[in-house]
Amino acid sequence: QAQVFYGRWSIAEFEAEKGIHFYLGADFGFSQDPSTLNRMFIKENTLYIDYDAKAFQCEINNLPALYDTVPLARDNIIIGDSSRPETISYLRNHGFSKFKGAEKGKGSVEDGIEYLKSFDKIVIHPRCKSTIEEFRLYSYEVDSRSGQITNKIEDKNNHHIDAIRYGLEPCMKNRGRMKALTDNDFNF
């Protein structure tokens, strides 16, 4: 019950319909933290996560090969961790020209979590083993003395979840505005 997304996600096989709009998000890591990429789409009020990539100690020059394991990654906008502008620049210059840094700020983690919880369901494809593992482990801290679940989220098991939040950032900012997002909605 300490799971952040307890009862809100499931694992199922599905395929994206032709012409669907994909959202991609990336989180950078190196030694203890992995570099991750997730691809997802929204249909009605359900979030579908259909591909992921993950690598520990991934050198910057190996990120393009990691990202190429996610279909259409070079063709879509990817929003990633803005704390590494040199990595974003490298990726833009190596075939990922639509890579953009996330607009992180105070409360962005909590806002992103609440946005993810606003979906009726989150469905993860079984091939996304790393993402599934994070959804199982991503939890609120539990008070060691009382055993009560707190409202503070543990800062671990969150690299795919961070990538998902980043990738969906335009949707969060666009809530209430009913229009399709295009490349013009981003500053490259």
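Residues numbered from 1 in each chain as written. Predicted model: local features only at pLDDT ≥ 70, side-chain atom pairs only at ≥ 80, totals over all residues. Heavy atoms only, no water.

Asks: Hey, could you run me through helix α2 (residues 85-92) in this one?
Replies: Residues of α2 that are buried: T87, I88 and L91. Burial along α2 is one-sided: seen end-on, the buried residues are contained in an arc of 100°. Contacts from the buried residues of α2 go to α1 (63-67) and β6 (99-101). (Buried < 20%, exposed > 50% of the residue type's maximum accessible area, 1.4 Å probe, protein only. Helix = DSSP H or I, 4+ residues; strand = E, 2+ residues; numbered from the N terminus. Arc of directions from axis to C-beta. Contact = heavy atoms within 4.5 Å.)

Asks: Got a minute to help me understand helix α5 (residues 159-167) in this structure?
Replies: Because the α-helix completes a turn every 3.6 residues, residues three or four places apart line up on one side. Buried residues dominate α5, accounting for nine of its nine residues. If you check which residues of α5 are buried, you get H159, H160, I161, D162, A163, I164, R165, Y166 and G167.

Asks: Just to check I follow, could you spell out the nonpolar core for this structure?
Replies: When a protein is soluble and globular, its nonpolar side chains tend to lie buried together. With 23 residues, the main nonpolar core has F5, L47, I49, L116, I122, F135 and L168 as its most contacted residues. Elements with a minimum of two residues in this core: β4 (46-55), α3 (108-117), β7 (121-124), α4 (129-137), α5 and α6 (169-173). Apart from the residues within four sequence positions on either side, L168 is in contact with Y23, M40, I42, L47, Y115, L116 and F119. Within the second largest apolar cluster, 22 residues are counted, among which are F41, A55, F99 and V123. (Core = buried A, V, L, I, M, F, W, Y, C linked by side-chain atoms within 4.5 Å.)

Asks: Is there a simple way to explain the pattern of salt bridges in this structure?
Replies: This model, assessed by the stated rule, comprises seven salt bridges. Between K43 and E17 there is a salt bridge; the shortest N-O distance is 2.5 Å. Highlighted residues: K43 in strand β3 (residues 35-43) and E17 in the loop between β1 (9-11) and β2 (23-27), separated in sequence by 26 residues. A relative accessible area of 34% places K43 in the partly exposed class. Judged by relative accessible area, E17 falls into the partly exposed class, the value being 43%. We note a salt bridge from D50 to R39, for which the minimum N-O separation is 2.5 Å. (Salt bridge = Lys/Arg side-chain N within 4 Å of Asp/Glu carboxyl O.)

Asks: Would you mind showing me how to read the environment of E13 here?
Replies: One can find E13 in the loop between β1 and β2. It is 35 Å that separates the C-alpha atoms of E13 and G105, two residues lying 92 residues apart in sequence. Ignoring sequence-local partners within four residues, the contact set of E13 consists of H125 and P126.

Asks: Sorry if this is basic, but what is going on with the packing of aromatic side chains here?
Replies: The way to describe two aromatic rings as a pair is by their centre distance and the angle between their planes. Tallied over the full model, the rule gives 11 aromatic pairs. Centroid distance F14 to F41: 5.9 Å. Interplanar angle 75°. Geometry classified as edge-to-face. Here F41 lies in strand β3 and F14 lies in the loop between β1 and β2, a separation of 27 residues in the sequence. For F14, a relative accessible area of 12% corresponds to the buried category. With centroids separated by 5.0 Å and ring planes inclined at 15°, the aromatic side chains of F41 and Y48 adopt a geometry described as stacked. (Phe/Tyr/Trp six-rings, centres within 6.5 Å; stacked < 30°, edge-to-face > 60°.)

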